[in-house]
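Chain by chain, the residues:
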Amino acid sequence: MKKDLSPIAFDTIDAEKIEAAIIKMLKEELYLPLMTEIGQPKKLLYNSFDDLVDSIKSGRVYFYRGQFKGSFNVKISSALKNIGAKWDAKHGSFSIPYSKLPIDIKLAITQAEDRFNKTLSTIDKKLIELDPDQMVEKLKLEPFFDRAIYKTEMKIKDQLEAIAVSPNLTEHQKAKITEEYTENMNLYIKEWAEKEIISLREKVKVNVNSGVRYENLIKTIKESYGVSQSKAKFLARQETKLLTVQLQKELYLDAGVGEYRWECVTGSPNHPVRHHHKILEGKIFRWDNPPVTVS
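Residues numbered from 1 in each chain as written. Predicted model: local features only at pLDDT ≥ 70, side-chain atom pairs only at ≥ 80, totals over all residues. Heavy atoms only, no water.

A.B. asks: Sorry if this is basic, but what is going on with the environment of Ala-175 here?
C.D. replies: Within the secondary structure, Ala-175 is located in helix α7 (residues 171-210). The partly exposed category is assigned to Ala-175, whose relative accessible area is 43%. Spatially, the C-alpha atoms of Ala-175 and Glu-142 are 9.2 Å apart, while their sequence positions differ by 33 residues. (Helix = DSSP H or I, 4+ residues; strand = E, 2+ residues; numbered from the N terminus. Buried < 20%, exposed > 50% of the residue type's maximum accessible area, 1.4 Å probe, protein only.)

The structure is reproduced here in structure tokens:
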């Protein structure tokens, strides 16, 4: 007589802990050092003209090909108008020929460019020196996978008690699974980090060649960090789900449960159930002969 067992639900808590560990490592090893190098200069209380000079030196306002761009407040806008700059609503900037700029402003622009180029050079050097292998070594994901294995094993044992069977994974088996998934995750993160470092270096070079300044550089780093967070979430969930499926397969087979019924998760308008998955709904498969699915 066949008996139906409830599916083992994917535990998002385990995935979230792995995700948080990955994000923490990337933040501390890659993004925070870059943001620290850019710095956040303190606001000084000068008159409007000196405030403009200070804004240029700090990178909040920059001059490129006859236009002042950046963050404008009332004082800075007034100072720019006083030196003859005209507001360009189409480009969101103040226009004025370089030749008509006061000497103090020209000096501030030169100093800002020197400082910015040094910052870019330092950032590029930091990116070159980053070692993805050393970054990944700091992840220490083994405890998270150990915990996921333990929780999944307990859930499966609770189910199988109803049929008087109690399978057990040996310590060697558990260690092997933990090692396998840790190595897989570390490899994924290392490969991704290598690509992102190269990408960031290219984007830094674009900053040099296009005349953009701190505002765009900070935006570039923040956008990269956002992509990192999404990638960490995807990898953590993917590997934790795969781990859960592998444990179910090994424990159920050990208990003599050789088949399972395919059940689709509930879809949504943004993430509907895949067509080829829906076709398999309710069908019975063997653990040692799963169906081949496509996206």
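Still more ground to cover, so stick around.
A.B. asks: Looking at this structure, how should I read the sheet that holds strand β3 (residues 86-88)?
C.D. replies: Backbone hydrogen bonds hold the strands of a sheet together, and the pairing may be parallel or antiparallel. Here we have four strands laid out as an open sheet, ordered β1-β2-β4-β3, and antiparallel in their pairing. At either end of the open sheet lies a strand with only one pairing partner, and these are β1 (61-64) and β3. Averaged over all pairs of adjacent strands, the angle between strand axes in this sheet comes to 30°, irrespective of strand direction. Pairing of β3 with strand β4 (residues 93-95), which is carried by three bridges, proceeds in the antiparallel orientation. Bridge assignment links Asp-88 to a residue of β4, and that residue is Ser-93. (Pairing = 2+ DSSP bridges. Axes fitted to C-alpha atoms, helices over the stretch in contact; angles between N-to-C directions.)

A.B. asks: Even after reading the chapter, I still don't get helix α1 (residues 12-38), so can you show me in this structure?
C.D. replies: Residue pairs three or four apart in sequence face the same way in an α-helix, which turns once every 3.6 residues. Given a rise of 1.5 Å per residue, 27 residues ought to cover 39 Å, and the 36 Å separating the end C-alpha atoms of α1 matches this to within 8%. For α1, the principal kink sits at Lys-27 and spans about 45°. (Expected span 1.5 Å × (residues − 1). Bend = angle between axes of the 7 residues up to and from the residue.)

A.B. asks: Is there a simple way to explain the pattern of salt bridges in this structure?
C.D. replies: Any two side chains of opposite charge can pair, so long as their charged atoms come close to each other. For the coordinates displayed, the defined rule picks out eight salt bridges. Between Asp-14 and Lys-151 there is a salt bridge, with the nearest N and O atoms lying 3.3 Å from each other. Of this pair, Asp-14 sits in helix α1 while Lys-151 sits in helix α6 (residues 142-160), and the two are 137 residues apart along the sequence. Accessibility assignment for this pair places Asp-14 and Lys-151 in one class, buried. Its salt-bridge partner being Arg-201, residue Asp-124 comes within 2.5 Å of it at the nearest N-O pair. With Asp-124 in helix α4 (residues 103-129) and Arg-201 in helix α7, the pair connects residues that are 77 residues apart, well separated along the chain. (Salt bridge = Lys/Arg side-chain N within 4 Å of Asp/Glu carboxyl O.)

A.B. asks: Explain the nonpolar core to me, please; I cannot follow it from the model alone.
C.D. replies: Generally speaking, soluble globular proteins have nonpolar side chains that are buried together. Ile-22, Leu-30, Met-185, Ile-189 and Leu-243 are the most contacted members of the largest nonpolar core, which totals 47 residues. Within the residue set of this core, elements represented by two or more residues are α1, α4, α5 (132-137), α6, α7 and α8 (214-254). Non-local contacts of Leu-30, meaning those with residues more than four positions away in its chain, are made with Met-25, Leu-127, Leu-130, Met-135, Ile-197 and Leu-200. Within the second largest apolar cluster, 18 residues are counted, among which are Ile-56, Ile-83, Ile-105 and Ala-112. (Core = buried A, V, L, I, M, F, W, Y, C linked by side-chain atoms within 4.5 Å. Contact = heavy atoms within 4.5 Å.)

A.B. asks: What exactly am I supposed to notice about the packing of aromatic side chains here?
C.D. replies: Any pair of aromatic rings gets described here by the distance separating the centres and the angle formed by the planes. Inspection of every chain in the model, using the stated rule, returns seven aromatic pairs. A connected cluster of aromatic rings, assembled from ring pairs, spans Phe-63, Phe-68 and Tyr-98. (Phe/Tyr/Trp six-rings, centres within 6.5 Å; stacked < 30°, edge-to-face > 60°.)

A.B. asks: Can you help me understand unusual backbone geometry in this one?
C.D. replies: Glycine aside, negative phi is the norm for most residues, and most peptide bonds take the trans geometry. With a phi close to 50°, Arg-65 is a non-glycine residue in the positive phi region. Examined against the element boundaries, Arg-65 turns out to sit in the loop between β1 and β2 (67-70). Under the relative-accessibility criterion, Arg-65 is labelled exposed at 73%.

A.B. asks: Can you help me understand the pairing of β1 in this one?
C.D. replies: Within a regular strand, the side chains alternate between the two sheet faces. Taken together, the four bridges between β1 and β2 define a ladder with antiparallel strand orientation. Residue pairing in the sheet places Phe-63 in a bridge with Phe-68 of β2. The antiparallel pairing of β1 with β2 creates a hairpin that spans two residues between the two strands, and Arg-65 there sits at a positive phi of about 50°.

A.B. asks: In this structure, what is going on with the pairing of β2? I would like to understand it.
C.D. replies: Note that β2 and β4 share two bridges and pair antiparallel. The residue of β4 that forms the bridge with Gln-67 is Ser-95.

A.B. asks: I tried to follow a negative patch on the surface on my own but got confused; where do I start?
C.D. replies: Side chains of Glu-142, Asp-146, Glu-179, Glu-180 and Glu-183 sit close together on the surface and give a patch of like negative charge. Those elements that place two or more of their residues in the negative patch are α6 and α7. With three residues, α7 is the single largest residue contributor to the negative patch. Along the chain, Glu-183 falls in helix α7. (Patch = residues over 30% accessible without salt bridge, like charges linked within 9 Å, V, L, I, M, F, W, Y side chains within 5 Å. Areas by Shrake-Rupley, 256 points an atom, 1.4 Å probe, with all protein chains shown as cover. Lys, Arg positive; Asp, Glu negative; His and termini not counted. Charge placed at Lys NZ, Arg CZ, Asp CG, Glu CD.)

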